[in-house]
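What follows is the residue order along each chain.
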Amino acid sequence: HHGKTNSTMRQTIETNYPGLPDDVRYVVQPDLSDIPEAKLRKLNGRWLFGMADESGLVSKNIIETQEFYDVLRNAMLLEIERSRPFQFDYIFRIYGAEITALYGEDMTGKRISEFHGPEYGLFLDLFDIALTRKSLIYSEHTPPHDVSVQTWRSLVLPLGEEKVEWILVVCLPSNQRSSGLKQQTVYLD
């Protein structure tokens, strides 16, 4: 490899999506210093290790590693469905128990196109970038207020052998909001 191509350059994007309370920040090809969560840093390291080893792609076998096992409850594995050229849908094959608990719906076996919610546009953008650039992405976003999470910190990893066939997403909640009711309870002596 002579010189870095554009696809391996770190790039930070801040943008907003309708329905999400704050701007979303994501970093394509992040440095370790961009990722505050140790478990995500470890998974990032495992992915980079695999990239150095193979044909420019990391296979789905990453889900057999300890680094993945540590975040299993917060992981989503999506199979890429190529319906038309340059048009993709993504099928949830693994949908982590903790994400199900926080959103109240299990998306296993469903498509991202069936996902109704403000995060749909964000996820679609992240998945498309990961797929087309074969790049890992770190993102932080504030979910809609009815989700009891302050911030989702996510790692999006493209996986495959000849071509990208899977997208692995790990979403760790930072500072879970307690329900509004508890916060408003006042005890008077």
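Look a little higher up for the structure.
Residues numbered from 1 in each chain as written. Predicted model: local features only at pLDDT ≥ 70, side-chain atom pairs only at ≥ 80, totals over all residues. Heavy atoms only, no water.

Digging into the packing of aromatic side chains
The condition that has to hold: Two rings belonging to Phe, Tyr or Trp (six-membered ring only in the last case) form a pair when the distance between their centres is within 6.5 Å. Interplanar angles under 30 degrees mark stacking, angles over 60 mark edge-to-face geometry, and anything in between is tilted. Only DSSP runs of H or I reaching four residues or more are called helices, and only runs of E reaching two or more are called strands; each is numbered from the N terminus.
Enumeration over the complete set of coordinates arrives at five aromatic pairs. A centroid spacing of 5.1 Å and a plane angle of 65° characterise the contact between Tyr90 and Phe127, whose relative ring orientation is edge-to-face. In this pair, Tyr90 sits in strand β4 (residues 87-95) while Phe127 sits in helix α4 (residues 119-133), placing the two residues 37 residues apart along the sequence. When the ring of Phe92 is compared with that of Tyr95, the centres are 5.2 Å apart and the planes differ by 85°; the resulting orientation is edge-to-face.

Examining the environment of Lys163
The condition is simple: Type-normalised accessible area, obtained with a 1.4 Å probe on protein chains alone, sets the label of each residue: buried when under 20%, exposed when over 50%, and partly exposed for intermediate values. We call two residues in contact whenever any of their non-hydrogen atoms come within 4.5 Å of each other.
Looking at where Lys163 falls in the secondary structure, it is placed in the loop between β6 (149-160) and β7 (164-176). Judged by its relative accessible area of 43%, Lys163 falls in the partly exposed class. Counting along the chain gives 106 residues from Lys163 to Leu57, while the straight-line C-alpha distance between them is 7.5 Å. Setting aside residues no more than four positions away along its own chain, Lys163 makes contact with Leu57 and Arg82.

Here we look at the environment of Gln87
For Gln87, the location among the structural elements is in strand β4. What makes Gln87 partly exposed here is its relative accessible area of 38%. For the pair formed by Gln87 and Asp128, sequence separation is 41 residues and the distance between their alpha carbons is 9.3 Å. Beyond its immediate stretch of four places on either side in the chain, Gln87 contacts Glu81 and Arg82.

Let's talk about α4
Quick note on the threshold: One less than the number of residues in a helix, times 1.5 Å, gives the span that helix is expected to have.
Compared with the 21 Å implied by 1.5 Å per residue over 15 residues, the 21 Å span of α4 between its first and last C-alpha is a close match. The set of residues buried in α4 consists of Glu119, Leu122, Phe123, Leu124, Leu126, Phe127, Ile129, Ala130 and Leu131.

A look at the pattern of salt bridges
Think of it this way: side chains of opposite charge can pair up when their charged atoms draw near. The criterion, for reference: Whenever a carboxyl oxygen of Asp or Glu lies within 4 Å of a side-chain nitrogen of Lys or Arg, that contact is scored as a salt bridge.
Scanning all chains against the criterion turns up eight salt bridges. Here Arg10 ties to Asp31 by a salt bridge, and the two come within 3.5 Å at their closest N and O atoms. One end of the pair, Arg10, is in the segment before β1 (11-15); the other, Asp31, is in the loop between β2 (24-28) and α1 (38-53), with 21 residues separating them in the sequence. Here Asp31 falls in the partly exposed class, since its relative accessible area comes to 38%.

Notes on the environment of Asp146
In this fold, Asp146 is placed in the loop between β5 (137-141) and β6. Classification of Asp146 as exposed rests on a relative accessible area of 71%. Sequence spacing of Asp146 and Leu102 is 44 residues, and the spatial spacing of their C-alpha atoms is 9.6 Å.

So, the side chain of Asn74
Relative to the helices and strands, Asn74 is located in the loop between α2 (66-69) and β3 (75-84). Residue Asn74 is classed as buried on the basis of its relative accessible area, which comes to 7%. Residue contacts for Asn74: discarding those within four places in its chain leaves Glu98, Ile99, Trp152, Val169, Val170, Cys171, Leu172 and Pro173.

A word on the nonpolar core
We count it as follows: By convention a nonpolar core is built from buried Ala, Val, Leu, Ile, Met, Phe, Trp, Tyr and Cys residues, the set being connected through side-chain atoms within 4.5 Å.
If you look at the biggest cluster of nonpolar residues, it comprises 35 residues, and the most contacted ones within it are Tyr26, Met76, Tyr90, Phe127 and Ile167. If you list the elements that add at least two residues to this core, you get β2, β3, β4, α3 (97-103), α4, β6 and β7. Ranked by the residues each element gives to this core, the list is headed by α4, at eight residues. Setting aside residues up to four positions removed in sequence, Tyr90 forms contacts with Leu78, Glu79, Ile80, Lys110, Arg111, Ile112, Leu124, Phe127, Asp128, Leu131 and Ile167. Ranked by size, the runner-up nonpolar core spans 19 residues in total, among them Phe68, Leu157, Leu168 and Leu172.

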